[in-house]
Amino acid sequence: MTENATAAPTFVLVHGLASNSFYWAPVVRELALLGHRSLPVDLPGHGLDASIPLSYQSQDIAAFAASPSPMSAIAVQDNVSHAIDVVRKARRHGPVILVGHSLGGITIGLVGNAIPEAIDRLVYVSAFCPSTAEAPSAMALSQTPEALKDVPVPSQDHSLFLGMEPVTRGLIRFNLRSADPAALEDFRLTNMPEATLEQMLTVINFGMQPEDGAQTSFADARVEAETWGRIPRSFIRLTRDNVISPALAAKMIEDADRLTPDNPFDVHSLAAGHVGVVLQARELAAILGGLG
């Protein structure tokens with residue numbers, strides 16, 4: 001099938017850390033009700049391809065944290081290659097708007113570096129966009145002063161995050177089935193402060209998974225002016241975000257705009273938390289629809 005440049009665009013939606021295509025389901029629904037076509041992507045090892053060990057299922061968390069996983073072998077280029085394949089297939093049917101949430105910004109930025117001619121717009125939904133030598137990765141950006149400004153300090157004693165030792169083995173792991181009230185509240189305040197506990201549990205049980213590979217977080221993923229910089233781009237700031245703080249979002253936007261001053265970010269704002277933005281699917285879809 002040949003490319004149809006006059007057709008309506010397809011929104012290709014890329015999830016963030018420890019998430020999957022199911023996270024986007026409310027947004028897909030709202031986009032469809034507005035008459036838009038969208039395609040949520042599962043990056044390698046996500047969605048129905050996720051690894052859910054019996055140790056996690058039985059809540060033997062010590063064994064889960066210590067166990068190996070195929071996720072540790074997944075490199076950022078695996079994610080990028082998969083997303084490129086999806087974009088090229090979607091492109092046969094018309095324009096593509098590539099959307100990334102959170103760590104998904106790393107993937108969409110590198111896809112933009114590789115195939116700018118196949119993408120009509122990039123949209124960062126409170127997503128990482130490294131563009132400087134000083135902060136070339138998502139992890140480096142998360143350690144800048146801006147990332148820590150006006151956000152709550154995560155609890156060291158009560159957390160769904162299972163610590164740094166798995167990270168040294170290439171894994172990032174969470175106990176999303178924890179019944180520790182303090183750990184759940186810590187996660188809520190950080191990721192979706194606008195949500196109730198019941199809403200949060202629904203989101204993390206349907207739209208998240210307990211582990212992810214760590215390589216993408218540490219990879220040098222700087223965007224390139226000559227390729228990525230040619231693509232029209234938008235950034236949707238989440239004003240209640242405690243993961244990518246408003247200050248960090250502003251830094252990433254300003255850094256990228258300095259890289260390509262003739263093609264700056266088109267910026268929008270939504271009063272939502274980092275993960276909780278999915279609870280405002282209608283409002284998010286309206287912004288996305290306006291870009292299409």
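Note: the structure precedes this text.
Residues numbered from 1 in each chain as written. Predicted model: local features only at pLDDT ≥ 70, side-chain atom pairs only at ≥ 80, totals over all residues. Heavy atoms only, no water.

Side note on helix 1 (residues 25-33)
Reasoning step 1: Every buried residue belonging to helix 1 is among Val 27, Glu 30 and Leu 31, and all of these are buried. Looking straight down helix 1, one finds that the buried residues subtend no more than 100° of arc, so they occupy a single side.
Reasoning step 2: On its buried face, helix 1 sits against strand 1 (10-14), strand 2 (37-41) and helix 12 (281-291). (Buried < 20%, exposed > 50% of the residue type's maximum accessible area, 1.4 Å probe, protein only. Helix = DSSP H or I, 4+ residues; strand = E, 2+ residues; numbered from the N terminus. Arc of directions from axis to C-beta. Contact = heavy atoms within 4.5 Å.)

Quick look at the sheet that holds strand 3 (residues 96-101)
Reasoning step 1: Taken in spatial order, the six strands line up as 2-1-3-4-7-8 in an open sheet, and their pairing is parallel. Each end of this open sheet is capped by a strand with a single partner; those strands are strand 2 and strand 8 (266-270). Along the sheet, successive strands turn relative to each other by an average axial angle of 20°, direction set aside.
Reasoning step 2: Pairing analysis gives five bridges linking strand 1 to strand 2, with the strands arranged parallel. Pairing of Val 14 across the sheet is with Val 41, part of strand 2.
Reasoning step 3: Contacting strand 1, strand 3 and strand 4 (121-125), helix 5 (residues 104-114) runs over the sheet at an angle of about 145° to strand 3.
Reasoning step 4: Where helix 11 (residues 246-259) meets the sheet, its contacts fall on strand 7 (233-238) and strand 8, and the angle it forms with strand 7 comes to roughly 165°. (Pairing = 2+ DSSP bridges. Axes fitted to C-alpha atoms, helices over the stretch in contact; angles between N-to-C directions.)

Some words on the environment of Ser 38
Reasoning step 1: Relative to the assigned elements, Ser 38 resides in strand 2.
Reasoning step 2: C-alpha separation for the pair Ser 38 and Val 96, spaced 58 residues apart in sequence, amounts to 9.4 Å.
Reasoning step 3: The residues contacting Ser 38, other than those within four sequence positions of it, are Thr 10, Phe 11, Leu 13, Val 28 and Leu 31.

Focus: the packing of helix 4 (residues 76-91) against helix 5
Reasoning step 1: Across the interface, helix 4 lies against helix 5 with an axial gap of 9 Å and an inter-helix angle of 65°. As judged from the angle between their axes, helix 4 and helix 5 are roughly perpendicular. Considering only the axes of helix 4 and helix 5, their crossing is right-handed. Where helix 4 approaches helix 5, its residues Val 76, Asn 79, Val 80, Ala 83 and Ile 84 are matched on the opposing element by Ile 106, Thr 107, Leu 110, Val 111 and Ala 114.
Reasoning step 2: Here the residues of the contact of helix 4 with helix 5 are counted per class, giving eight nonpolar, two polar and no charged. (Parallel < 35°, antiparallel > 145°, perpendicular 65-115°, else oblique. Left-handed = near helix turned anticlockwise from the far one by under 90°. Nonpolar A, V, L, I, M, F, W, Y, C, P; charged D, E, K, R; others polar.)

Description of the pattern of salt bridges
Reasoning step 1: Under the definition given, this model contains eleven salt bridges.
Reasoning step 2: Between Asp 120 and Arg 91 there is a salt bridge whose closest N-O contact spans 2.1 Å. Here the residue Asp 120 occupies a position in the loop between helix 5 and strand 4, and Arg 91 occupies one in helix 4, the gap between them amounting to 29 residues.
Reasoning step 3: Assessed through its relative accessible area of 33%, Asp 120 is described here as partly exposed. (Salt bridge = Lys/Arg side-chain N within 4 Å of Asp/Glu carboxyl O.)

Comments concerning the side chain of Thr 10
Reasoning step 1: Locating Thr 10 in the fold gives a position in strand 1.
Reasoning step 2: What makes Thr 10 buried here is its relative accessible area of 5%.

Details of the environment of Leu 259
Reasoning step 1: Structurally, Leu 259 can be placed in helix 11.
Reasoning step 2: On a C-alpha basis, the gap between Leu 259 and Ala 225 in space is 6.2 Å, while along the polypeptide they are 34 residues apart.
Reasoning step 3: Apart from residues no more than four positions distant in its own chain, Leu 259 is found in contact with Ser 131, Val 223, Glu 224, Ala 225 and Trp 228.

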